Amino acid sequence: MREQPILQVKNLQKKFGEGCQHCLDPEIRQLEKNFCPYCGTIYAVHDVSFDLYPGEVLGVVGESGSGKSTMLQGLYFDIELAAGEVYINEPMLASQNVLTLSSQQKRYIRNYIYGMVYQNPLDGLKMKFSSIGNIAEKMIAAGSRNVGNIEARSKALLEDVHIPLRRMKEEPRNFSGGMQQRVQIAKALSNNPPILFLDEVTTGLDLSVQASVLDLIKQIQRELHISMIVVSHDLAVIRMLADRSIVMLNGTIIENGLTDQILEDPQHEYTQQLVYSLL
Ligand SMILES: Nc1ncnc2c1ncn2[C@@H]1O[C@H](COP(=O)(O)OP(=O)(O)OP(=O)(O)O)[C@@H](O)[C@H]1O
């Protein structure tokens, strides 16, 4: 029998706009792509459900605007979702819908259970802190107080992500895009989270830099067995990293399964186009 999922996501919903008589009722709603043609409300995420299992990498692929980032930001509590349930299989949290927890409990989850690597390093790093300071800050926020331990752990993490220690005092704004993503990854790993979210982490990087960041993510997965959700518009990235994948279009999931299966036998017309574009 398969293990229990570490993360269960049920029926997530997020809209931008008030909605109207034509769209608030899902039974009669007729959207154009993801928005209501009468009032313009965007249904950025609707009816999104999936499980994440311990140690697996789940890919989330879809075109720009399909709702991937909104979904991830909702899971990480950066934005408030309109509805849905999220369960984390951790002793302190089991059987509680974490979307309904207090902000203090959500902070606990962000500090100890989730790690996040944003597409834009400006969202994940404090550019005026040193690189080592960024990692230390995250550890202090999670309650670490022993300066010696914080320094040793931060240095080890920087070495793990191949940032030379002679540059650890530099602000990440001096770094290249690939190095900034590495510092973000080190920061996200600092408190040993069992779940890591990665949002378009290689988008905008040169191909060779992309390859080295992807290698680093694979290495982390191999060595630490962290469960990961990897969001990308690029099926090639998903193919490289993800065991299982979901395909999103217009705010909802249109296909899911083993990544190899999706690549070999895509069912939905949109997924077929994505796969053929790889050839
Ligand atoms: N703050 C916001 N206000 C209004 N609409 C928003 C907001 N944030 C996202 N949207 C809309 O929600 C939909 C989903 O956007 P989202 O950024 O989640 O898509 P995505 O698949 O991550 O695309 P990308 O990779 O380009 O960010 C889009 O139509 C977007 O315009």
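Residues numbered from 1 in each chain as written. Predicted model: local features only at pLDDT ≥ 70, side-chain atom pairs only at ≥ 80, totals over all residues.

Going by an unreviewed UniProt entry, the chain carries the name Putative phosphonate transport system ATP-binding protein and comes from Saliterribacillus persicus.

## Focus on the confidence of the model for the chain
Here the chain averages 94 in pLDDT, and 99% of its residues register 70 or above. ipTM for the predicted complex: 0.97, alongside a pTM of 0.94. (pLDDT = per-residue confidence, 0-100.)

## Quick word on the sheet that holds strand β9 (residues 252-258)
Here we have six strands laid out as an open sheet, ordered β5-β6-β7-β3-β8-β9, and mixed in their pairing. The sheet terminates laterally at β5 (114-117) and β9, the two strands that pair on one side only. Between one strand axis and the next, the sheet turns through 15° on average, direction left out of account. Note: β5 against strand β6 (residues 195-199), four bridges, orientation parallel. What sits directly across from valine 117, in β6, is leucine 198. (Pairing = 2+ DSSP bridges. Helix = DSSP H or I, 4+ residues; strand = E, 2+ residues; numbered from the N terminus. Axes fitted to C-alpha atoms, helices over the stretch in contact; angles between N-to-C directions.)

## Focus: the site of the ligand
As a structural note, the neighbourhood of the ligand is formed by 14 residues, with Phe16, Ala44, Ser64, Ser69 and Thr70 the closest of them. Contributing elements (two or more residues each) for the shell around the ligand: β2 (42-52) and α1 (68-75). It is α1 that contributes the most residues to the shell around the ligand, three residues altogether. Partitioned by chemical class, the residues of the shell around the ligand number three nonpolar, nine polar and two charged. (Near = placed C-beta within 6 Å. Nonpolar A, V, L, I, M, F, W, Y, C, P; charged D, E, K, R; others polar.)

## So, helix α7 (residues 207-224)
For α7, spanning 18 residues, the distance from its first C-alpha to its last is 26 Å, which sits close to the expected 26 Å at 1.5 Å a residue. Contact partners of the buried residues in α7: α6 (177-189), β6 and α8 (235-241). (Expected span 1.5 Å × (residues − 1). Contact = placed C-beta atoms within 7 Å.)

## Details of the nonpolar core
Counting 69 residues, the largest nonpolar core has Phe197, Leu198, Ile229 and Val230 as its most contacted members. At six residues, α6 tops the list of elements feeding residues into this core. Contact partners of leucine 198, with chain neighbours within four places excluded, come to Val117, Ile217, Met228, Val230 and Val231. (Core = buried A, V, L, I, M, F, W, Y, C linked by C-beta atoms within 7 Å. Buried ≥ 20, exposed ≤ 12 C-beta atoms within 10 Å, placed from the backbone.)

## So, the packing of α6 against α7
A pair of packed helices can be characterised by two numbers: the angle between their axes and the separation between those axes. α7 packs onto α6 with a crossing angle of 15° between their chain directions and a minimal axis gap of 10 Å. With respect to their mutual orientation, α6 and α7 come out roughly parallel. α7 is crossed by α6, and the crossing has right-handed handedness. The segment α6 lies against α7, with Gly177, Gly178, Gln181, Arg182 and Ile185 engaging Val209, Ser212, Val213 and Leu216. Among the residues forming the contact of α6 with α7, the class breakdown is four nonpolar, four polar and one charged. (Parallel < 35°, antiparallel > 145°, perpendicular 65-115°, else oblique. Left-handed = near helix turned anticlockwise from the far one by under 90°.)

## Some remarks on the sheet that holds β2
On the basis of which strands lie adjacent, the open sheet formed by three strands has the order β2-β1-β4 and antiparallel pairing. Only two strands of the sheet have a single partner each, and these edge strands are β2 and β4 (83-88). When the angles between neighbouring strand axes are averaged without regard to direction, this sheet yields 15°. Pairing analysis gives seven bridges linking strand β1 (residues 7-16) to β2, with the strands arranged antiparallel. Each bridged residue has a counterpart across the sheet, and for phenylalanine 16 the counterpart in β2 is isoleucine 42. Where α1 meets the sheet, its contacts fall on β1, β2 and β4, and the angle it forms with β2 comes to roughly 65°.

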